[in-house]
Amino acid sequence: MISKQIIEDINNSSAIRAMFTEGQQLAQEIGAENVYDFSLGNPCTPVPEAYTRALLEVLDQEESPVLHGYMANTGYPEVCQAVAESLNHRFGTAFGGRNVIMTVGAAGAINIIMKTLFDPGDELMVFAPYFTEYRNYCGNWRGVLTVVQPDFETMLPDFADMERKLSSRTKAVIINNPVNPSGVIYSREVIAQIASLLRKKQQEYGHEIYIISDEPYREIVFDGKETPFLTNYYENTFVTYSFSKSLSIPGDRIGYLVIPDEMADFDRTYAGLAIANRITGFINAPALMQKAVARCLNEQTDVAFYDRNRKLIYRELTELGFTCIRPEGTFYLFLRSPEPDELRFVEAAKRHHIMLVNGTTFGCPGYVRLAYCVPYEMIVRSLPAFRALAEEYGLKG
């Protein structure tokens, strides 16, 4: 018999993936051009030519048995050093190679951090709306998820709720900045407020409370905004990163985590992460991808492509009468459901062949998420369907 935990995971399987699968089935029935699938955050911008060239160069230049063999669980030392130097240049940090561990994407990084930190019953705090997989990652290590409600006007954390819910079992707080699904960016002031509260609670409870700063959308920001680099604000911070969005390579599963020298008990924590990377089953990050991304640390996807999509979808939907959170980053739009039960709204949208993801999945009922990392032409084709949906709800465009 399979475990109770995996049965629970099956029952709570990703609504995002379920909607994506349903959209694919509908496309087979009525034609892909007639389905407006905004469900999955799958980058659609071209992979930078420099990355493809780097892969070929590595394959051509590196000695084959070495390239395809094992290395230290933490990754190639020269790759870790290159990442550290890139971060130092961009964020004014002072990292060395020993502060970087190469990982199987940001998801792998988060899981080995939790493997290193968590005992059963320890609490992971998240800010709604939050990336739905955080709940599953927490469950992997028998943790307990604590959800902080947002200020619904700004979609920033409700700090009074945060202070109420911090407890002696709180082991870590995860911050996704910019935020999937809302597109909101936590400013320096917001980060400083979070850090101040956590320092206060660390002193009160007599143990570390860590921040896990999950930053796969760090480079996808608009209107001159920037995302603060959290190790500059709070000592006990892990930074997790994936190249999935910045280079449009989600299937290559390559990322890293940063652990600053200032972190409490650095040496044992680093040793724990290295072991966790091995015994969690990753062993090490993919060798070829490590070598390739080390040559592409200054490359990024076409942010202007996403900005064009953002401006179009936000303008058109608000003009139709929908209430939307204006995205500052990522490639997601968070839209308030015109009726309290957003699941019914999702079903109504499907009747117009629009595939959306319900906000309950992200811990925020009453909203839906649109992933606008789609061809611009698809958004244009979808507008009559959105217009019909708005008319169905009596919205005033």
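As the structure is a prediction and not an experimental result, all values here were calculated from the model.

Before we move on, could you go through the sheet that holds strand E2 (residues 100–103) and cite the residues and values that matter?
In space, the seven strands of this open sheet follow the order E2-E10-E9-E8-E7-E3-E4, with mixed pairing throughout. Each edge of the sheet is formed by a strand with only one pairing partner; in this case those strands are E2 and strand E4 (144–148). Strand-to-strand twist across the sheet, computed as the mean angle between neighbouring axes with direction ignored, equals 20°. By the bridge criterion, five bridges tie strand E3 (residues 123–127) to E4 in an arrangement that is parallel. Paired with valine 126 across the strands is valine 147, a residue of E4.

Lay out the sheet that holds strand E12 (residues 332–336) with the relevant residues and their values.
One open sheet holds the four strands; their spatial order is E11-E12-E15-E14, and the pairing between them is antiparallel. A strand with exactly one partner marks an edge of an open sheet, and here the two such strands are strand E11 (323–325) and strand E14 (357–358). Bridging between E11 and E12 involves three bridges; their strand directions are antiparallel. Considered in E12, the bridge of threonine 323 is made with arginine 336.

Would you mind going over the environment of lysine 201 in detail, with residue names and values included?
If you trace the backbone, lysine 201 turns up in helix H9 (residues 188–205). Sequence separation of lysine 201 and isoleucine 101 is 100 residues, and the distance between their C-alpha atoms is 28 Å. Contact partners of lysine 201, with chain neighbours within four places excluded, come to Glu163, Leu166 and Ile209. Side-chain polar atoms of lysine 201 contact the side chain of glutamate 204, separated by 3.2 Å.

Give me the lowdown on the nonpolar core, citing residues and values where you can.
Note on soluble globular proteins: their nonpolar side chains tend to be buried together. In terms of nonpolar packing, the biggest core is built from 41 residues, with Phe38, Ile313, Leu317, Phe322, Ile354 and Leu370 touching the most fellow members. Secondary structure elements with two or more residues in this core: helix H2 (15–30), helix H12 (303–319), E12, helix H13 (342–351), strand E13 (354–355), strand E15 (367–371) and helix H14 (376–392). No other element matches H14, which puts seven residues into this core.

So what's going on with helix H3 (residues 49–61)? Which residues, and what values?
With 13 residues, H3 ought to run about 18 Å at 1.5 Å a step, and its terminal C-alpha atoms sit 18 Å apart, in line with that. Buried residues of H3: Ala50, Tyr51, Ala54, Leu55 and Val58, and no others. One side of H3 carries all its buried residues, which in axial view fall inside an arc of 145°. Projecting away from the buried face of H3 at angles above 90 degrees are the exposed residues Glu49, Leu56 and Asp60.

Would you mind going over the environment of histidine 68 in detail, with residue names and values included?
Here histidine 68 shows up in the loop between helix H4 (64–67) and helix H5 (77–91). What makes histidine 68 exposed here is its relative accessible area of 53%. Linking histidine 68 and asparagine 136, residues 68 residues apart in sequence, is a C-alpha distance of 31 Å.

Provide a residue-level description of the packing of aromatic side chains, including the pertinent values.
Under the definition given, this model contains 21 aromatic pairs. With a centroid separation of 6.4 Å and 80° between ring planes, the pair formed by phenylalanine 334 and phenylalanine 362 is classed as edge-to-face. Within this pair, whereas phenylalanine 334 is found in strand E12, its partner phenylalanine 362 is found in the loop between E14 and E15, the two being separated by 28 residues in sequence. Owing to a relative accessible area of 0%, phenylalanine 334 belongs among the buried residues under this scheme. Through pairs of rings, three or more aromatic residues link up here, namely Tyr217, Phe305, Tyr306, Phe331 and Tyr332. In this arrangement the basic side chain of lysine 291 is found over the ring face of tyrosine 76, its NZ or CZ atom lying 4.3 Å from the centre. Geometry around tyrosine 314 places arginine 326 over its ring, the cationic atom sitting 5.1 Å from the centre.

So what about unusual backbone geometry? Which residues, and what values?
For the bond running from alanine 128 to proline 129, omega is -5°, close enough to zero to count as cis. Assignment of secondary structure puts proline 129 in the loop between E3 and helix H7 (133–140). Positive phi, close to 55°, is recorded for aspartate 265, a residue that is not glycine. Among the structural elements, aspartate 265 can be located in the loop between strand E10 (255–258) and helix H10 (266–279). At threonine 330, a position not held by glycine, the phi torsion is positive, near 65°.

Which residues make up H12, and what are the values?
Taking 1.5 Å per residue, 17 residues should reach 24 Å; H12 reaches 24 Å between its end C-alpha atoms and fits that length. Within the span of H12, buried status applies to Val303, Tyr306, Asp307, Asn309, Arg310, Leu312, Ile313, Tyr314, Glu316 and Leu317. The inward-facing, buried residues of H12 contact E11, E12, E15 and H14. Where H12 begins, one side-chain oxygen reaches toward the backbone nitrogen of alanine 304, 3.2 Å away; that side chain belongs to aspartate 302.

Outline the environment of proline 338, supporting the account with residue identities and numerical values.
Mapped onto the elements, proline 338 comes out in the loop between E12 and H13. Those residues in contact with proline 338, other than ones at most four positions away along the chain, are Phe322, Phe345, Tyr393 and Leu395.

Got a sec to walk through the side chain of glutamate 215? Specific residues and values, please.
Mapped onto the secondary structure, glutamate 215 falls in the loop between strand E8 (210–214) and strand E9 (237–242). Classification of glutamate 215 as buried rests on a relative accessible area of 2%. Within polar-contact distance, the side chain of glutamate 215 engages the side chain of serine 213 at 2.6 Å. Beyond its immediate stretch of four places on either side in the chain, glutamate 215 contacts Asn177, Pro228, Phe229, Leu230, Val239, Thr240 and Tyr241.

Here is what the cut-offs are and how they apply
- Residues numbered from 1 in each chain as written.
- Predicted model: local features only at pLDDT ≥ 70, side-chain atom pairs only at ≥ 80, totals over all residues.
- Heavy atoms only, no water.
- Pairing = 2+ DSSP bridges.
- Helix = DSSP H or I, 4+ residues; strand = E, 2+ residues; numbered from the N terminus.
- Axes fitted to C-alpha atoms, helices over the stretch in contact; angles between N-to-C directions.
- Contact = heavy atoms within 4.5 Å.
- Polar contact = N/O pair within 3.5 Å; in protein donor to acceptor, adjacent residues only side chain to side chain.
- Core = buried A, V, L, I, M, F, W, Y, C linked by side-chain atoms within 4.5 Å.
- Buried < 20%, exposed > 50% of the residue type's maximum accessible area, 1.4 Å probe, protein only.
- Expected span 1.5 Å × (residues − 1).
- Arc of directions from axis to C-beta.
- Phe/Tyr/Trp six-rings, centres within 6.5 Å; stacked < 30°, edge-to-face > 60°.
- Lys NZ or Arg CZ within 6 Å of the ring centre and 35° of its normal.

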